[in-house]
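# Structural description and commentary
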Amino acid sequence: MNLPRIRRFLRQLTQHACVAVAVCSIASSATAANPVAAEAATTWETKTVASDSKGSQQQDVEIYRGGKLIARHHSSLLGTPGLYPLNSPSGLPLTRDYPMKDKGKYERDDHHHHRSLWFTHGIVNGLDFWLDKPTPHTGYIAQTSFSKEEREDGIKLITDNDWNDKDGKRILSDQRRWTFTESQGDTIIDLDVRLKATDGDVVFGDTKEGTLGARIAGTMKVDAKLGGTGQNAEGLKDGAAWSKKSSWVDYSGPIQQAGSDEPSDWPTAGITMFYHPVNSLPDCFWHVRTYGLFAANPFGRHHFGQPEYEGVKIADGEHLDLHFRIVLHDGGFDREKSEQHFADYSKTDPSF
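The paragraphs below set out a description of the structure included in this document. (Residues numbered from 1 in each chain as written. Predicted model: local features only at pLDDT ≥ 70, side-chain atom pairs only at ≥ 80, totals over all residues. Heavy atoms only, no water.)

### Thoughts on helix α3 (residues 335-346)
Rules: By definition, any uninterrupted DSSP run of H or I lasting at least four residues is a helix, any uninterrupted run of E lasting at least two residues is a strand, and each is numbered from the N terminus. Expected helix span is taken as 1.5 Å per residue step, with the number of steps being one fewer than the number of residues. Only protein chains enter the calculation, and the probe is 1.4 Å; a residue is then buried if its accessible area is under 20% of its type maximum, exposed if over 50%, and partly exposed in between. The arc under discussion is defined with respect to the helix axis, by the directions toward the C-beta atoms. When checking whether two residues touch, look at their non-hydrogen atoms; a contact exists if any pair is within 4.5 Å. Polar contacts here mean pairs of N or O atoms no more than 3.5 Å apart (in protein, one a potential hydrogen donor and the other a potential acceptor; neighbouring residues in sequence count only if both atoms are side-chain atoms).
Taking 1.5 Å per residue, twelve residues should reach 16 Å; α3 reaches 16 Å between its end C-alpha atoms and fits that length. For α3, the set of buried residues is S338, H341, F342 and Y345. The arc that holds every buried residue of α3, seen down its axis, measures 95 degrees, which confines them to one face. Buried-residue contacts for α3 involve β8 (170-183), β9 (186-196), β13 (248-254), β14 (268-275) and β18 (319-330). The backbone nitrogen of E336 has a side-chain oxygen 3.2 Å away, supplied by the residue at the start of α3, namely D334.

This is the structure we're talking about:
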């Protein structure tokens, strides 16, 4: 045995270990000594920008976390308020580009009214606010005001909106409160909506065409056959989750990456929607399709296999509150994490 060579080897090994420890120590000290850099990674901020809709006099609001764009709230997303784009915490696009842009490789140019993420309904006093074709029976929603609040732990955006017939006559109004925060590494968006019967009685009708809707990225949809899947709280998947009552549904799948034609190399991400248990309408059915539509509907019944009814009436001067949570996550569907999100959401008081 060559003892001198062994001793030299051990001395070198010790020196390298000491250097590695020192480097780690310096890096840790630098992070601790530079709290600004650490804080920048979690800082929330907004930018108010002009609407790109010629018909809107309101402004849009972009929401950022750690310098990354999470969402842009459009006062008029081709005719109705909505969020586009909608990105995961790491910046992956979760909703399709069409019709705001030309359709991508895995997108379809169908359902022009499916615009990223929006809130409308298909039968309101006999008018259709879900579709966007100009007919005597089609209405539209116009934002009338907004305010925003930036806090250390998130962003709050409040908008007022009028639901009008084709001639501009108001049928009802609403107030929407969007609250952006973070939990378990995911982006949390709480949407609280107060529907107000400002101009007489209002009836939200029995139709599958509603209500809080999203049209997911083309590569995420089940029909793309790239690994995308939808699952509800009861464990029903894909087509089996359509029309079912549930507290929440997740839609996850791969997100196409520029410069890569191999879907197995693409990262996964998804959206989970939750319906708060304190909602006065206790049952929420899900209009979630394998082609990429993803909607929570507390008003529809007969299309979902339930007994037909006359809808939900809001008497003149009264209001109805609805509460939803939207979770944007990186990575695939995680049932345990989703259940924890729902447990956390159930403990909140979303009242206005």
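Next comes the rest of the description.
### Concerning the sheet that holds strand β6 (residues 140-151)
The following threshold applies: Here the rule is simple: two strands pair whenever DSSP picks up at least two bridges between them. Comment: axis = line fitted to C-alpha atoms, over the contacting stretch for helices; angle = value between 0 and 180 degrees taken between N-to-C directions.
What the eight strands build is an open sheet, ordered β6-β7-β8-β9-β18-β14-β13-β12; its pairing is antiparallel. Of all the strands in the sheet, just β6 and β12 (229-232) have a single pairing partner and so form its edges. Across the sheet, the mean angle separating the axes of adjacent strands is 15 degrees when strand polarity is ignored. In the sheet, β13 pairs with β14 via seven bridges, with the strands oriented antiparallel. Residue V249 lies in a different strand from β14, and its bridge partner there is M273. Packing against the sheet, α3 makes contact with β8, β9, β12, β13, β14 and β18, and its axis sits at approximately 35 degrees to β14.

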